[in-house]
Amino acid sequence: MPEIKFSSDEKALLIDKLQTYFTKEMDQDLGQFECEFLLDFISKEMGAYYYNKGLSDAQVIVSSKLDDIADAFYEIEMVTGR
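Since the model is a prediction, treat every value here as computed from it, not as a measurement.

Peer 1: I'd like a description of the overall build of the chain, backed by residues and values.
Peer 2: Within the chain, the regular secondary structure consists of two helices and zero strands. Considered along the principal axes of its C-alpha atoms, the chain spans approximately 75 × 25 × 20 Å. Evaluated residue by residue, the chain yields a buried proportion of 9% over its 82 residues. Here the chain carries 8 positive and 17 negative side-chain charges, and the mean point of each set is 4 Å from the other.

Peer 1: Please give an account of the packing of aromatic side chains that cites residues and values.
Peer 2: Using the criterion set out here, one finds two aromatic pairs in the structure. Each ring, one from Tyr21 and one from Phe22, has its centre 5.8 Å from the other, and the planes form 85°; the classification is edge-to-face. Relative accessible area serves as the criterion here: at 46%, Tyr21 is assigned to the partly exposed category. Classification of Phe22 as buried rests on a relative accessible area of 17%. Aromatic side chains Phe33 and Phe37 sit 4.7 Å apart centroid to centroid with 75° between the ring planes, which places their arrangement in the edge-to-face category. Highlighted residues: Phe33 and Phe37, both in helix α2 (residues 32-76), separated by four residues, approximately one helical turn. We classify Phe33 as exposed; its relative accessible area is 58%. Taking the relative accessible area as the measure of exposure, Phe37 reaches 51% and is therefore exposed.

The rules behind each value
Within each chain, residue numbers correspond to sequence positions counted from 1 in written order. The predicted origin of the model limits local features to residues at a pLDDT of at least 70 and limits the giving and counting of side-chain atom pairs to 80 or more, whereas totals for whole chains, interfaces and linings rest on all residues. The side-chain values count all of the structure's non-hydrogen atoms but skip hydrogen atoms and water molecules. The way it works is that DSSP assigns letters per residue, a run of H or I at least four long becomes a helix, a run of E at least two long becomes a strand, and they are numbered from the N terminus. Partly exposed residues are those whose accessible area sits between 20% and 50% of the maximum for their type, while under 20% is buried and over 50% is exposed, using a 1.4 Å probe and protein chains only. Charged residues are defined here as Lys and Arg on the positive side and Asp and Glu on the negative side; His and the ends of the chain fall outside this count. A charge is said to be at NZ when it belongs to Lys, at CZ for Arg, at CG for Asp and at CD for Glu. Only the six-membered ring of Trp is used, alongside the rings of Phe and Tyr, when aromatic pairs are assigned; centres must lie within 6.5 Å, and planes under 30 degrees apart are stacked while those over 60 apart are edge-to-face, with the rest tilted.

As structure tokens, this is what we get:
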């Protein structure tokens with residue numbers, strides 16, 4: 001799996017979300033530096049699980065759509081003499 005990389009805007013938004021969470025839920029003030037390290041840790045150590053879950057969910061959707069297409073082909077199939 002390729003390394004998970006975020007744009008600078010995405011990273012800033014994620015860091016802000018982490019800081020807000022820690023402040024509201026844990027009564028802890030984390031600086032940007034600490035949150036950046038935490039985000040890097042989460043991405044490196046847990047990111048593959050989220051990535052794989054997303055792929056699995058997408059595969060279910062695509063498979064369902066392919067079944068719908070196969071059904072649509074069957075519906076328009078013409079009757080032959082056999």
